[in-house]
Amino acid sequence: MKKIGLIAQREFLATVANRGFVIGLLIMPAIIAVAAFIGPRLMNASSPQVRGTVAVVDRTGRVAPELTEVLTPAAIEARRRENARRAMAQAAPGAGQAVTDQNLQRLGGTVPDLRLVERPDGSDIEREKDFLIPKEQAERGLALIVIRADAVARAAGQSEYGGYDLYVSPTLDDATESVIHDGVRQALVNARLAAGNLDREVVEATMRVSRPQSVIVTAAGEQQTQRGLTRALPFILGILMFIGVMIGGQTLMTSTIEEKSSRVVEVLLATVSPFELMAGKLLGQLAVGLLAMAIYVGMGLFVLYSFAMLGLIDPMLVLYLVVFFLITYLVFGALMTAIGASVSQMADAQSLMGPVMMLLVLPYILSPMIGRAPNSTFSVAMSFLPPFNTFVMMSRLASDSPPPAWQVWLTVGIGLAAAYAAVWFAGKVFKIGLLMHGKPPNFATLIRWARAA
Amino acid sequence: MESALRLRGVTKTFGTTRAVDHLDLDVPRGATYGFIGPSGAGKTTCIRMIMSILFPDSGELSVLGRSSALEAKDRIGYLPEERGVYRKMRVGDFLTYIAQLKGVPEQDASARASRLLGQLALGDVLRKRCEDMSKGMLQRVQFVAAIINEPELLILDEPFSGLDPVSVRLLKQIIADEHRRGATILFSTHVMAHAEELCQHIVMIHQGRKVLDEPMAGLRRQYDTRVIRFEPLDAAASLSPLRLLPGVEAIDTTDEGCTIRLSEGRDPADAMRLIAATIAPARVELARVRLEDVFIRLVTDGGRADEAEKALRANLQGLATEGMAV
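Residues numbered from 1 in each chain as written. Chains lettered and ligands numbered in written order. Predicted model: local features only at pLDDT ≥ 70, side-chain atom pairs only at ≥ 80, totals over all residues. Heavy atoms only, no water.

Peer 1: Tell me about the sheet that holds strand 12 (residues 258-262) of chain B, and please be specific about residues and values.
Peer 2: All names here are of chain B. Taken together, the 4 strands give an open sheet; going across it, the order is 11-12-10-13, and neighbouring strands pair in antiparallel fashion. The sheet is open, and its two borders are formed by strand 11 (248-253) and strand 13 (281-286), each paired with just one other strand. Neighbouring strand axes in the sheet, compared pairwise and without regard to direction, differ in orientation by 20 degrees on average. Alignment of strand 10 (residues 227-232) against strand 13, held across 5 bridges, turns out to be antiparallel. What sits directly across from Pro232, in strand 13, is Pro281. (Pairing = 2+ DSSP bridges. Helix = DSSP H or I, 4+ residues; strand = E, 2+ residues; numbered from the N terminus. Axes fitted to C-alpha atoms, helices over the stretch in contact; angles between N-to-C directions.)

Peer 1: Tell me about the layout of surface pockets, residues and numbers included.
Peer 2: The space that makes up the largest pocket amounts to roughly 950 Å³. Together, 26 residues line the largest pocket, and A:Arg10, A:Leu13, A:Ala14, A:Thr15 and B:Met89 are the ones closest to its centre. Examining the composition of the lining of the largest pocket, we find that 7 residues originate from one element, helix 1 (residues 2-16) of chain A, more than from any other. Tallied by class, the residues present in the lining of the largest pocket amount to 8 nonpolar, 8 polar and 10 charged. (1 Å grid on protein atoms, 1.4 Å probe; cavity = no way out; pocket = protein on both sides within 12 Å on 5 of 7 lines; lining within 4 Å. Points joined across faces, edges and corners; volume = space filled by probe spheres on them. Nonpolar A, V, L, I, M, F, W, Y, C, P; charged D, E, K, R; others polar.)

Peer 1: Tell me about the sheet that holds strand 3 (residues 141-147) of chain A, and name the residues and values.
Peer 2: Residue and element names in this part refer to chain A. The 4 strands are arranged 2-1-3-4 in an open sheet whose pairing can be described as mixed. At either end of the open sheet lies a strand with only one pairing partner, and these are strand 2 (113-119) and strand 4 (164-168). Within this sheet the neighbouring strands show an average axis-to-axis angle of 20 degrees, counted without direction. Bridge count for strand 1 (residues 51-58) against strand 3 is 6 bridges, and the pairing is parallel. Directly across from Asp58, in strand 3, lies its bridge partner Ile147. Relative to the sheet, helix 7 (residues 174-195) contacts strand 1, strand 2, strand 3 and strand 4, its axis offset from that of strand 4 by approximately 160 degrees. (Contact = heavy atoms within 4.5 Å.)

Peer 1: An account of the pattern of salt bridges is needed here, citing residue identities and associated values.
Peer 2: Considering all chains together, one arrives at 29 salt bridges over all chains under this definition. We note a salt bridge from A:Asp165 to A:Arg148, for which the minimum N-O separation is 2.9 Å. Residue A:Asp165 is located in strand 4, and its partner A:Arg148 is located in the loop between strand 3 and strand 4; the two are separated by 17 residues in the primary sequence. Of the residues examined, A:Asp165 reaches a relative accessible area of 25% and is grouped as partly exposed. The class of A:Arg148 is partly exposed, set by a relative accessible area of 38%. For B:Lys88, the salt bridge is made with B:Glu131, and the minimal N-O distance between the two is 3.5 Å. With a gap of 43 residues between them, B:Lys88 in the loop between strand 5 (76-79) and helix 2 (91-101) and B:Glu131 in the loop between helix 3 (106-119) and helix 4 (135-147) connect regions that are remote in the sequence. We classify B:Glu131 as partly exposed; its relative accessible area is 28%. (Salt bridge = Lys/Arg side-chain N within 4 Å of Asp/Glu carboxyl O. Buried < 20%, exposed > 50% of the residue type's maximum accessible area, 1.4 Å probe, protein only.)

Peer 1: Kindly report on the interface of chain A and chain B, identifying the contributing residues and their values.
Peer 2: Taken residue by residue, the interface counts 19 residues in chain A and 24 residues in chain B. In this assembly, chain A packs against chain B so that about 2200 Å² is buried in total across both faces, 64% of it on carbon and sulfur atoms. For the interface between chain A and chain B, the tally reads 2 salt bridges. The partner of B:Asp74 in a salt bridge is A:Lys3, and the shortest N-O contact between them spans 2.9 Å. Between the two partners, chain A and chain B, sit 8 residue pairs in polar contact (both at pLDDT 80 or more). Only helix 1, helix 9 (233-261) and helix 10 (264-269) of chain A provide two or more residues apiece to the side of chain A that touches chain B. Considering each element in turn, the side of chain A that touches chain B owes the most residues, 5 residues, to helix 10 of chain A. (Buried area = accessible area lost by both parts, 1.4 Å probe. Polar contact = N/O pair within 3.5 Å; in protein donor to acceptor, adjacent residues only side chain to side chain.)

Peer 1: Report on the packing of aromatic side chains, specifying residues and quantitative values.
Peer 2: Under the definition given, this model contains 6 aromatic pairs over all chains. Ring geometry for A:Tyr320 versus A:Phe324: centroids 6.2 Å apart, planes at 20 degrees, classification stacked. With A:Tyr320 and A:Phe324 both in helix 12 (residues 315-342) and 4 residues apart, the pair spans about one turn of that helix. Residue A:Tyr320 is classed as partly exposed on the basis of its relative accessible area of 23%. Judged by its relative accessible area of 0%, A:Phe324 is buried. Where B:Phe160 meets B:Phe187, the ring centres are 6.1 Å apart and the plane angle is 85 degrees; that geometry is what we call edge-to-face. Here B:Phe160 is found in the loop between strand 6 (153-157) and helix 5 (165-181), whereas its partner B:Phe187 is found in strand 7 (residues 184-189), with 27 residues between them in sequence. Each member of the pair, B:Phe160 as well as B:Phe187, is classed as buried. Pairwise contacts between aromatic rings join B:Tyr86, B:Phe94 and B:Tyr97 into one cluster. Cation over ring: A:Arg10 sits above B:Tyr97, and NZ or CZ is 5.8 Å from the ring centre. (Phe/Tyr/Trp six-rings, centres within 6.5 Å; stacked < 30°, edge-to-face > 60°. Lys NZ or Arg CZ within 6 Å of the ring centre and 35° of its normal.)

Peer 1: Can you lay out unusual backbone geometry for me, pointing to particular residues and giving the numbers?
Peer 2: Residue A:Pro387 is bonded to the preceding A:Pro386 through a cis peptide linkage, with omega at 0 degrees. Its identity as a non-glycine residue notwithstanding, A:Arg263 has a phi of 65 degrees, on the positive side. Looking at the element boundaries, A:Arg263 is found in the loop between helix 9 and helix 10. According to the relative accessible area criterion, A:Arg263 is partly exposed, its value standing at 26%. You will see that B:Leu64, though not glycine, has its phi angle at about 50 degrees, which is positive. Along the polypeptide, B:Leu64 turns up in the loop between strand 4 (58-63) and strand 5. What makes B:Leu64 buried here is its relative accessible area of 3%.

Here it is as structure tokens:
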């Protein structure tokens, strides 16, 4: 056991200390970090506060005062916060509370500073429009709002209220334009409510029906469904597992080939049994894979945290990720070690790697099908078929209608059996292959070795 | 006392080739055994089976009293024929790693590594990476790895192949030291001269079969060929008077002088006195038995074609695989 630990330790250190490995591992999180951290800052910095004049021609005579009120920076900001909160709550239940003013500030940038100027009711619109054409004047003319006469009180015989027209300067940005639209909308609603002697609170409460999260009722119990952003999770978790397995598995293969081609393997075999050697290598690279995953998961959680969406992640998912990663790693790591042990140089490994890579990539190609129908017969069957089972089950667990618990346990059970079989097979091939040099074997040869050993 | 090594009817077949065929072997503790035979005779296969790296198809073996080397690996030192190191590792780290795998505590391991490297004239390479070392240096590093656990049984597969004469001398010294320390030593070689110099006991193997298993001393007596090597003081002197001496069967001229074969039953002491009296000698001596001759005689049974014998002889002198340098 101590020897296995020594081998694992050497394997781990030799891999992690390699400069190429460190760079390869950190380049992804580095990009994400840049996006998460510097991104919002950069976007803020590039859009300075918009200042300017908005002219209003109010044909009703009742909207302009309201408009002045709802277009103050404080009101704009309050509205924006409310909108964001509503959007978040819909996209990702549970995350709404995590939205803080600071986060909104970071995402949306500073609110525009608008000066409202009322024009007389009878002004000529064509003339007023001139003020939008950019000139060398102290203040920019941003927009001209024309409130129609029937905007607050319906014209006789009409079921709909009238609206407004908006003329904007060519330099006006989309964000500010939508701030103006929102403002006018609210001003109109306020004016209409006042005109009809309606209480805003009452009307809003009347219109509001909150939408609960649906609950799936199964024999095993009840489960809350998840929607929205969580759809991306199966894919992300799949990638994480794939990366972890590839990093560990690939290095296992190359380091085994290196030990074999440098003949150091016979020195090692004089001190440890082939199985101890293989177990040590598997453990060492497992630690490497876990390290890579920990870095990626940690970065992922940090990004979610910085976007105030930490509430999206079910802690159980992280646990499942670790369990399924262990199983998948053992299956593929063992197979790749066996390949490494059976060939004498990297080039020979390619032909054997092909099928293994296919097995690893296939669940990926299938993942949209499984994401769309996580409880279809196909998805259920695939989640019991190694070596795809872990990927498929991971996708189903992260989907919005998770599978019943017995299926998860069955997948884990089958996965462990598959891992045992893969390690057994690899152990046999490893033992025979290590001292074989010359013509690279094919899979039939490997199976013959496994049966002979 | 129990044997360090015991093989009974050990057989190993690869495909259609029988690499080792019913081999019996007993190596007592503390002995130095030479395992000799031409390349391809089955020496490496046999050693790998002793090390439990390969497993025999049939037969039994015990190593240091255990039924398998797997149970005694920490007490065995092994230098494989194919040398290998981790190219990126530092020499000191590599040796410490191997030592720890053999159960040597970490602090002892590095102390032993530097002491042994010093003995092999490699005192300054601890911090060097293996890939920066010459081939000869790496061979010595490997040797250190084999003895770093102070093994009870030291198995060396072709320890001198590819080494320069200085390294060979250093290695022989350390092998002798290990023997004095009490280690049982088994080494294989196809170069008979090395075996003659180091071994107390010779096991010859040919095409997987054991053809000889004798102490070196007995071998000398048994295969005393009654040949006298003669070198005249005056290089230009005619050697023909020697043919007329009583008991002289044949004379073969060599570069320095000649070899004189005596007839059966002739007393060599008497003959040497007569020879010296006939032509003033620079050197006259009884030719010692050469393992090479013994081996050739054993495997050819006198009926083998000359060509085959020549090839075998070249191999045993280390010419076939290592060129003319040796």
